[in-house]
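Here is what each chain is made of, one letter per residue.
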Amino acid sequence: MLENLGKTVIITGSQIPIFETRTDGKDNFLSALIIAGNYVIPEVCVFFNARLFRGNRTIKVSSASLDAFDSPNVSPICKMGINVEIDYRLIFRPCTVAKFTVQAKLDENVGVLRIFPNITTSTVKAFLSELRGVVLQTFGAGNIPTNRKDLTDVLREANERGVIIVNCTQCISGSVAEIYETGRHLLDLGVINGYDMTIEAALAKLSYVLAKEEWNLETKKSMIANNLRGELTSGKGKF
């Protein structure tokens, strides 16, 4: 949403309310201020429990631990200890110089469909019928049941009428890859490889890309498959 970002944006919070004696909120807030005020990291980040993560790579992993967030496929950009340790190699910087803009409009017609062995065709068809973009949560490296022609037919039909479908793994870490026949078959159906994007990042990216009225369908599909803000490892950086 923040295009051509040139400043550091950090989101933080706490597991224990800030007015409680043992709150972690004060340290999180002060550390975030120190980083934002002294270092140029032109990304939207999440700071929690002495670590700074790229926002679009971050997931919440615990509702009870102070170590509540993690970035499974990318190391933290910064670790706060006695010293502030910034890994400058990880910072994602814009490829072009342009005016900062905010894309406030997002498409709401997106959703997440988690595949399971006995999912019915009618369920998948009904889910896809009202949406413009879908994140498909598949097994392992991006696989679906091999004996479900009825399922693949529904996915093919949805792709042909313009629904953008992104294939993401159900695993916390790792990537979708074309190493198995079922994974390659999804690509043949028009399903887009989500590589190692988190489900949250893929869903937000769909909302962002689908709202771009100046892009046609093929451009939108291309943008989904490419690396826009450091949200995936594979693909070319854009802006």
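Residues numbered from 1 in each chain as written. Predicted model: local features only at pLDDT ≥ 70, side-chain atom pairs only at ≥ 80, totals over all residues. Heavy atoms only, no water.

Student: Requested: an account of the packing of aromatic side chains, with residues and values cited.
Tutor: Aromatic ring pairs are reported here in terms of the distance separating the ring centres and the angle at which the planes meet. This model, assessed by the stated rule, comprises one aromatic pair. A cation sits over an aromatic face here: lysine 212 above tryptophan 215, 5.4 Å from the ring centre. (Phe/Tyr/Trp six-rings, centres within 6.5 Å; stacked < 30°, edge-to-face > 60°. Lys NZ or Arg CZ within 6 Å of the ring centre and 35° of its normal.)

Student: Could you give me a rundown of the environment of alanine 104, with the residues and numbers involved?
Tutor: Inspection of the secondary structure puts alanine 104 in the loop between β9 (101–102) and β10 (110–114). Overall, alanine 104 belongs to the exposed group, its relative accessible area being 61%. Residues alanine 104 and leucine 33, spaced 71 residues apart in sequence, show a C-alpha to C-alpha distance of 25 Å. (Helix = DSSP H or I, 4+ residues; strand = E, 2+ residues; numbered from the N terminus. Buried < 20%, exposed > 50% of the residue type's maximum accessible area, 1.4 Å probe, protein only.)

Student: Go over the packing of helix α2 (residues 121–129) against helix α3 (residues 149–160), please, and point to the residues and values.
Tutor: Taken N-terminus to C-terminus, the directions of α2 and α3 make an angle of 10°; their axes are 9 Å apart at the nearest point. Judged by the angle between their axes, α2 and α3 are roughly parallel. Contact residues: Thr121, Val124, Lys125 and Leu128 in α2; Asp150, Leu151, Val154, Leu155 and Ala158 in α3. When the residues that make up the contact of α2 with α3 are grouped by side-chain class, the tally is six nonpolar, one polar and two charged. (Axes fitted to C-alpha atoms, helices over the stretch in contact; angles between N-to-C directions. Parallel < 35°, antiparallel > 145°, perpendicular 65-115°, else oblique. Contact = heavy atoms within 4.5 Å. Nonpolar A, V, L, I, M, F, W, Y, C, P; charged D, E, K, R; others polar.)

Student: Account for the sheet that holds strand β12 (residues 164–169), naming residues and giving values.
Tutor: Taken in spatial order, the four strands make up an open sheet running β10-β11-β12-β13, and their pairing is parallel. Two strands bound the open sheet, and with one partner strand each, they are β10 and β13 (192–193). Judged from the six bridges that link them, strand β11 (residues 133–138) and β12 form a sheet pairing that is parallel. Its bridge partner being in β12, valine 135 is matched across the sheet by valine 166. Each of β10, β11 and β12 is contacted by helix α5 (residues 199–210), which is oriented at about 160° to β11, the strand it contacts most. Each of β12 and β13 touches helix α6 (residues 217–225); the most contacted strand, β12, lies at about 10° to it. (Pairing = 2+ DSSP bridges.)

Student: Could you give me a rundown of the sheet that holds strand β7 (residues 78–80), with the residues and numbers involved?
Tutor: Strand order in the open sheet formed by five strands is β2-β3-β4-β7-β8, and the pairing between neighbours is mixed. Here the strands that pair on one side only, and so sit at the sheet edges, are β2 (9–11) and β8 (84–86). Strand-to-strand twist of the sheet, defined as the mean angle between neighbouring strand axes without regard to direction, takes the value 25°. Strand direction decides the pairing type here: strand β4 (residues 51–54) and β7, joined by two bridges, are antiparallel. Each residue of the ladder has a partner; that of leucine 52, found in β7, is cysteine 78.

Student: Quick one: what's the story with the pattern of salt bridges, residue by residue and with numbers?
Tutor: Think of it this way: side chains of opposite charge can pair up when their charged atoms draw near. Tallied over the entire structure, the rule returns 13 salt bridges. Where aspartate 150 meets arginine 148, a salt bridge forms, and the shortest distance between an N and an O atom there is 3.0 Å. Judged by relative accessible area, aspartate 150 falls into the partly exposed class, the value being 32%. Residue classification places arginine 148 among the buried residues on the basis of a relative accessible area of 13%. Across the pair arginine 156 and aspartate 153 runs a salt bridge, and its minimum N-O distance is 2.9 Å. Separated by three residues within a single helix, arginine 156 and aspartate 153 lie in helix α3, roughly one turn from each other. In the salt-bridge network here, residues are joined through shared partners; they are Glu3, Lys212 and Glu214. (Salt bridge = Lys/Arg side-chain N within 4 Å of Asp/Glu carboxyl O.)

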